[in-house]
Amino acid sequence: MSEPIDRLTSVRITPSILNADFTRLGEQIAGLPSADAIHLDVMDNHFVPNLTFGLPVVQSVRAMTTLMLDIHLMIEDPDRWAPAYAEAGAESVTFHMEAAHAPVRLARDLRAKGARAGAALNPATSAEAVAGMLGEVDTILVMSVEPGFGAQPFLDLVLPKIARLRSMISASELEIWLQVDGGVSLETVERCVEAGADTLVAGSAVFRADDPDAMVSRLRAVAVKTAGRMAPAQVSGRKRNR
Ligand code: DX5
Ligand code: ZN
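This is a predicted model, so every value here is computed, not measured. (Residues numbered from 1 in each chain as written. Chains lettered and ligands numbered in written order. Predicted model: local features only at pLDDT ≥ 70, side-chain atom pairs only at ≥ 80, totals over all residues. Heavy atoms only, no water.)

Chemist: Looking at this structure, I do not really get the site of ligand 1. What am I missing?
Modeler: Surveying the vicinity of ligand 1 reveals 20 residues, the closest of which are Gly148, Ala151, Asp181, Gly203 and Ser204. Between ligand 1 and Asp181, the relevant distance is 2.7 Å, taken from an oxygen atom to a side-chain nitrogen or oxygen of the residue. With respect to ligand 1, the side chain of Ser204 contributes an N or O atom lying 2.6 Å from an oxygen atom. Protein chains shield 100% of the accessible area of ligand 1, which is 380 Å² for the free molecule. For the shell around ligand 1, the secondary structure elements donating two or more residues are strand 2 (37-43), strand 3 (68-74) and strand 8 (199-202). (Near = heavy atom within 4 Å. Polar contact = N/O pair within 3.5 Å; in protein donor to acceptor, adjacent residues only side chain to side chain. Areas by Shrake-Rupley, 256 points an atom, 1.4 Å probe, with all protein chains shown as cover. Helix = DSSP H or I, 4+ residues; strand = E, 2+ residues; numbered from the N terminus.)

Written as structure tokens, this is what we have:
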């Protein structure tokens with residue numbers, strides 16, 4: 001009994017609102033009741049060549065939804081800025097390993113403030129960048145496009161890294177979500193899950209669909225079906241890491 005339930009609950013779809021209509025953001029988020037979390041891309045025009053929104057918008061979103069908020073910080077100096085997002089009530093705050101000065105201290109700080117701590121890796125950053133601190137994080141986010149913009153094509157070159165991270169997570173027996181972000185669609189979700197991902201960000205695939213919430217469900221159905229073909233140990237870790 002427990003295995004199928006474990007498989008079903010171990011796949012998450014976290015739509016990114018980067019391609020939403022920002023003049024109707026509340027309405028657009030309210031239109032995604034099937035989402036496991038809302039993925040919010042904070043960009044500072046320094047770490048990436050694009051600028052989105054910051055803490056005030058996240059605070060407003062926090063006030064209008066009870067869905068989990070999954071903050072993806074594509075900013076320089078996350079050591080300084082990230083904790084405020086946890087204080088604002090975001091359940092998950094992810095910073096880039098390429099940008100953090102003291103990632104272990106930052107992850108501990110985020111957890112101490114009650115958030116899940118996430119570590120993100122750009123396409124060219126190796127799995128080893130986070131290997132030494134698996135016990136400090138709750139999520140590892142693998143970028144499958146260069147960060148900064150939605151609607152870019154999925155980079156298959158990250159698939160071996162996802163598989164490597166899945167092996168590391170399984171060997172550690174820690175419960176770490178392995179998230180893929182960039183170019184995830186009905187066309188690519190299967191290969192992400194086959195490689196070992198259990199948490200999928202989808203931006204343009206969701207917001208360009210006629211029915212965004214139905215697309216969340218369709219993506220989840222494909223992911224769950226793919227995960228169901230695999231051994232549970234390949235899909236999720238076994239043990240809480242804190
Ligand atoms: C890109 C962002 C992604 C983006 C994904 O830098 O981190 O979350 O919104 O959008 P799609 O799914 O269109 O690639
Ligand atoms: Zn993102």
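Chemist: Is there a simple way to think about the pattern of salt bridges in this case?
Modeler: Pairs can form between side chains of opposite charge once their charged atoms are near each other. Taken as a whole, this structure holds 14 salt bridges when the rule is applied. The residue Asp198 makes a salt bridge to Arg12 at a minimum N-O spacing of 3.4 Å. Within this pair, whereas Asp198 is found in the loop between helix 8 (189-195) and strand 8, its partner Arg12 is found in strand 1 (residues 12-15), the two being separated by 186 residues in sequence. Taken individually, Asp198 and Arg12 each receive the classification buried, so the pair is uniform in this respect. Measuring nitrogen to oxygen at the nearest pair gives 3.6 Å for the salt bridge that ties Glu87 to Lys113. (Salt bridge = Lys/Arg side-chain N within 4 Å of Asp/Glu carboxyl O. Buried < 20%, exposed > 50% of the residue type's maximum accessible area, 1.4 Å probe, protein only.)

Chemist: What is the right way to read the coordination of the zinc ion (ligand 2) from this model?
Modeler: Four donors placed tetrahedrally about a metal ideally form angles of 109.5 degrees, and six donors placed octahedrally ideally form angles of 90 or 180 degrees. Here the zinc ion (ligand 2) is held by His39 (NE2), Asp41 (OD), His72 (ND1) and Asp181 (OD), and the distances to it run 2.1 to 2.3 Å. Around the zinc ion (ligand 2), the six donor atoms sit at angles spanning 72 to 174°, and that spread fits a shape best called octahedral. Sequence spacing among the residues donating to the zinc ion (ligand 2) works out to H-x1-D-x30-H-x108-D. With Asp41 in strand 2 and His72 in strand 3, this pair connects stretches of sequence that are 31 residues apart. (Donors = N, O, S within 2.8 Å, 3.2 Å for Na, K, Ca; no water. Tetrahedral: all angles 85-135°; square planar, octahedral: opposite > 155°, others 65-115°.)

Chemist: Would you explain the sheet that holds strand 3 in this entry?
Modeler: Think of a sheet as strands paired side by side through backbone hydrogen bonds, with each pair either parallel or antiparallel. Pairing within the open sheet is parallel, and its eight strands lie in the order 1-8-7-6-5-4-3-2. Each having just a single partner strand, strand 1 and strand 2 make up the two edges of the open sheet. Ignoring which end each strand starts from, the neighbouring axes of this sheet average 25° apart. Both strand 2 and strand 3 contribute to a ladder of seven bridges, which runs parallel. Counterpart to Met43 in the pairing with strand 3 is Met74. (Pairing = 2+ DSSP bridges. Axes fitted to C-alpha atoms, helices over the stretch in contact; angles between N-to-C directions.)

Chemist: Hey, could you run me through the side chain of Asp198 in this one?
Modeler: Take Asp198: its relative accessible area is 0%, and that puts it in the buried class. Within polar-contact distance, the side chain of Asp198 engages the backbone nitrogen of Leu178 at 2.8 Å.

Chemist: Even after reading the chapter, I still don't get the environment of Glu136, so can you show me in this structure?
Modeler: With respect to the element layout, Glu136 can be found in the loop between helix 6 (128-131) and strand 6 (139-143). The spatial distance from the C-alpha of Glu136 to the C-alpha of Val104 is 6.6 Å, given a sequence separation of 32 residues. Ignoring any residue separated from it by four or fewer positions in sequence, one finds Glu136 in contact with Val104, Ala107, Arg108, Arg111 and Ala117. At a separation of 2.7 Å, a polar atom in the side chain of Glu136 contacts the side chain of Arg108. (Contact = heavy atoms within 4.5 Å.)

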